[in-house]
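Each chain, letter by letter, is given below.
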Amino acid sequence: MSTELGAQPRVGCAVDADGRITFDLSMLPMRPDERHEGQQLLLRLRPKKGQPETDLHVLDLEPGADGRLYAVLGPHAVLAEGRWDVYRIQDAGSGRQRLRPGLRDLRALIDGHLRDRRSPLAVRIPYVTKDGYLAVRAWLRPAHAEVDRIDVAKRSTTVGAHLHGASLQAGAAVHLRLRSVSGTVRTVEPRAEDDGRSFSFTIDHEELAAGTAAGSGVWDVFVRPTAEAPLIRVARLLDDVADRKEVFVYPAVTVGGAVLRPYYTVDNDLSVEVTKARSTL
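Source: prediction; values computed, not measured.

Engineer: When you look at the overall build of the protein in this model, what are you seeing that I'm missing?
Structural biologist: Within the protein one finds one helix and 22 strands. A principal-axis box enclosing the C-alpha atoms of the protein has dimensions of 70 × 50 × 30 Å. Intrachain contacts of the protein at a sequence separation of at least 6 include 63% that bridge at least 24 residues. Roughly 14,700 Å² of accessible area belongs to the protein as shown, and the carbon and sulfur atoms make up 49% of that amount.

Engineer: Quick question: what am I supposed to make of the environment of valine 241 here?
Structural biologist: As for its placement among the helices and strands, valine 241 is situated in the loop between strand S19 (232–235) and strand S20 (253–255). A C-alpha to C-alpha distance of 19 Å links valine 241 and histidine 164, two positions 77 residues apart in sequence. Among residues more than four places away in sequence, those in contact with valine 241 are Ile125, Phe248 and Asn268.

Engineer: Explanation requested: the pairing of strand S10 (residues 121–128) in the structure shown.
Structural biologist: Remark: a regular strand shows side chains that alternate across the two faces of the sheet. Within S10, six of the eight residues are buried, which leaves the element mostly enclosed by the surrounding structure. The pairing of S10 with strand S11 (residues 134–141) spans eight bridges and is classified as antiparallel. Counted as the bridge partner of proline 126 is valine 136 from S11.

Engineer: How should I be thinking about the pairing of strand S12 (residues 144–152) in this particular structure?
Structural biologist: With eight bridges connecting them, S12 and strand S13 (residues 156–164) associate as antiparallel partners. Considered in S13, the bridge of arginine 149 is made with glycine 160. Taking the residues that link successive antiparallel strands as the turn, the S12-S13 hairpin has three residues. The pairing of S12 with S19 spans two bridges and is parallel. Pairing of glutamate 146 across the sheet is with alanine 235, part of S19.

Engineer: Would you take a moment to explain the pattern of salt bridges for this structure?
Structural biologist: Any two side chains of opposite charge can pair if their charged atoms end up close together. Applying the stated criterion across every chain yields a total of 24 salt bridges. Arginine 233 is the partner of aspartate 269 in a salt bridge, and the nearest nitrogen-oxygen pair spans 3.8 Å. Highlighted residues: aspartate 269 in the loop between strand S21 (258–264) and strand S22 (270–276) and arginine 233 in strand S19, separated in sequence by 36 residues. Looking at arginine 233, the relative accessible area reads 14%, which means it is buried. Linked through salt bridges whose partners overlap, the residues forming this network are Arg44, Arg46, Glu53, Asp85, Arg96, Arg98 and Asp131.

Engineer: Explanation requested: the sheet that holds strand S9 (residues 100–105) in the structure shown.
Structural biologist: Backbone hydrogen bonds hold the strands of a sheet together, and the pairing may be parallel or antiparallel. Pairing in this open sheet of five strands is mixed, and the strands run S5-S6-S2-S1-S9 from one edge to the other. Across the chains shown, the open sheet's two edge strands, defined by having one partner strand only, are strand S5 (62–63) and S9. With two bridges joining them, S5 and strand S6 (residues 69–73) adopt antiparallel strand pairing. Across the sheet, the residue bridging to proline 63 is leucine 69, located in S6.

Rules and cut-offs
- Residues numbered from 1 in each chain as written.
- Predicted model: local features only at pLDDT ≥ 70, side-chain atom pairs only at ≥ 80, totals over all residues.
- Heavy atoms only, no water.
- Helix = DSSP H or I, 4+ residues; strand = E, 2+ residues; numbered from the N terminus.
- Contact = heavy atoms within 4.5 Å.
- Areas by Shrake-Rupley, 256 points an atom, 1.4 Å probe, with all protein chains shown as cover.
- Buried < 20%, exposed > 50% of the residue type's maximum accessible area, 1.4 Å probe, protein only.
- Pairing = 2+ DSSP bridges.
- Salt bridge = Lys/Arg side-chain N within 4 Å of Asp/Glu carboxyl O.

Spelled out as structure tokens, the structure:
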């Protein structure tokens, strides 16, 4: 791969089991007389459309023992939940230079769902944006319920999950909340394992369809670990997949005049979509 001046700059990265991200900037084109002092890596939280940027995180570039330049995002550095674009700043007077991805080593993230996590839960996954640049997807949550399986049958869907930063106690319940309809909630009793963290629950398709008064809607899935605890969003975050909505696709099931389908949202949260069945006439 070319590293000549004028080539599109790239940066590699590797994530370890503790969540530390090491950015390898050895692929960046530099002039022979150019020094690394003053150069930085900038992470910018991508603002919502029409909003100004508010969150920036700057990392200094340092030479490693091999003479290559690195920047390290420590395992405890907190990034707000969202998408962080990666830039290079060559010196104090220069502008930002957005970076293309080099090699991304995400092997340590693949079995991340098998390790218990501290609270608050901080997850960061480097990924490639739709227009081909390097970015980091971040989640920051007080507690988390990680999905480990979804089994879709004709009459029901069963979900298995594991809690991080909380445990199931008396009064625990799974809540399905109908999006955009205030106060419309259906509750399901979770089946807890002996450790108090692993649990499963079953969604009855006919009951959920009957509860969707308009005939179509989206039910967001939460768990309340105790009777008085805040709701925890059920999601799948602890692996190397930054965007799973179009990757993990589950079958749709028709019940009477409704079609139900579990899916992951753009934030990798679990929801169930209910739509009206198409007429066969």
